Amino acid sequence: QQPVQSPQAVILREGEDAVINCSSSKALYSVHWYRQKHGEAPVFLMILLKGGEQKGHEKISASFNEKKQQSSLYLTASQLSYSGTYFCGTRYSGTYKYIFGTGTRLKVLA
Amino acid sequence: IAGITQAPTSQILAAGRRMTLRCTQDMRHNAMYWYRQDLGLGLRLIHYSNTAGTTGKGEVPDGYSVSRANTDDFPLTLASAVPSQTSVYFCASKRHLSTEAFFGQGTRLTVV
């Protein structure tokens, strides 16, 4: 079953911060984060391989808590270009399937 | 070809017809995947292949089949299309199991 993301949707003003969560009922091997613009394919943002490790990309960072089977994506000082749908992608331990979370739609307003 | 390419980009198909969606990558990636994306349901895995010659079922495999005769190509076949298969289909590839996925531009399929 797909990891569950929260919130499902969020609207921000430019400069505001947001957190997107990706939670799983199964042990996660690794977590990737993607952003998809309307009408386009998803694009890779970052990878998290170890529990508790944080990675950064511009003003976007993420964490991965193996114990809680959860990853969070942090967007700080949001820009208009951050608008899109965010997905976590993961492979459960012991399987070759690569699946995506339920998605979070984010819209940044001027 | 640069990256991963899907064809066609869009198609209107009569119900009951057979259709093959093509996916080709030139990155020599081992793993390839097919997803469908429906509004409100995100990306759902249809079939996957870890390496040439092997395939596996994803979360929503019914009505679809795949083959992986070589590293570069991973076609998806709808044997007898039904309206519920109307969706946007994405092909993706990964170098290894732990690396990120690269996506094709998608195929918008409408079954009428």
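Look above for the structure.
Residues numbered from 1 in each chain as written. Chains lettered and ligands numbered in written order. Predicted model: local features only at pLDDT ≥ 70, side-chain atom pairs only at ≥ 80, totals over all residues. Heavy atoms only, no water.

## Notes on the pairing of strand β4 (residues 31-38) of chain B
Regular strands place side chains that alternate from one sheet face to the opposite one.
Residues and elements named next belong to chain B.
Phase 1 of the analysis: Within β4, 8 of the 8 residues are buried, leaving the element largely enclosed by the surrounding structure.
Phase 2 of the analysis: The two faces of β4 match: Ala31, Tyr33, Tyr35 and Gln37 on one face and Met32, Trp34, Arg36 and Asp38 on the other face are all buried.
Phase 3 of the analysis: Of the strand pairs in this sheet, β4 and strand β9 (residues 87-94) are connected by 7 bridges, and their pairing is antiparallel. For Ala31, the partnering residue across the bridge sits in β9 and is Lys94.
Phase 4 of the analysis: As paired elements, β4 and strand β5 (residues 42-49) share 7 bridges and run antiparallel to each other. (Buried < 20%, exposed > 50% of the residue type's maximum accessible area, 1.4 Å probe, protein only. Helix = DSSP H or I, 4+ residues; strand = E, 2+ residues; numbered from the N terminus. Pairing = 2+ DSSP bridges.)

## A closer look at the pairing of β9 of chain B
Residue and element names in this part refer to chain B.
Phase 1 of the analysis: Counting buried residues in β9 gives 8 out of 8 residues, a clear majority hidden from the surface.
Phase 2 of the analysis: As paired strands, β9 and strand β11 (residues 107-111) are joined by 3 bridges and run antiparallel to one another. Residue pairing for β11: Ser87 is matched across the bridge by Leu109.
Phase 3 of the analysis: Sheet topology note: the β9/strand β10 (residues 102-103) ladder contains 2 bridges and is antiparallel. Across the sheet, residue Ser93 finds its bridge partner in β10, namely Phe102.

## Considerations on the sheet that holds strand β1 (residues 4-7) of chain B
Residues and elements named next belong to chain B.
Phase 1 of the analysis: What the 4 strands build is an open sheet, ordered β1-β3-β8-β7; its pairing is antiparallel. The open sheet has two free edges, formed respectively by β1 and β7 (64-66), since each of these has just one partner strand. Averaged over neighbouring strand pairs, the angle between their axes works out to 20 degrees when direction is ignored.
Phase 2 of the analysis: For strand β3 (residues 19-25) and strand β8 (residues 76-78), the ladder comprises 3 bridges, and the chain directions are antiparallel. Each residue of the ladder has a partner; that of Met19, found in β8, is Leu78. (Axes fitted to C-alpha atoms, helices over the stretch in contact; angles between N-to-C directions.)

Note that all results are geometric; they support no functional claim without further evidence.
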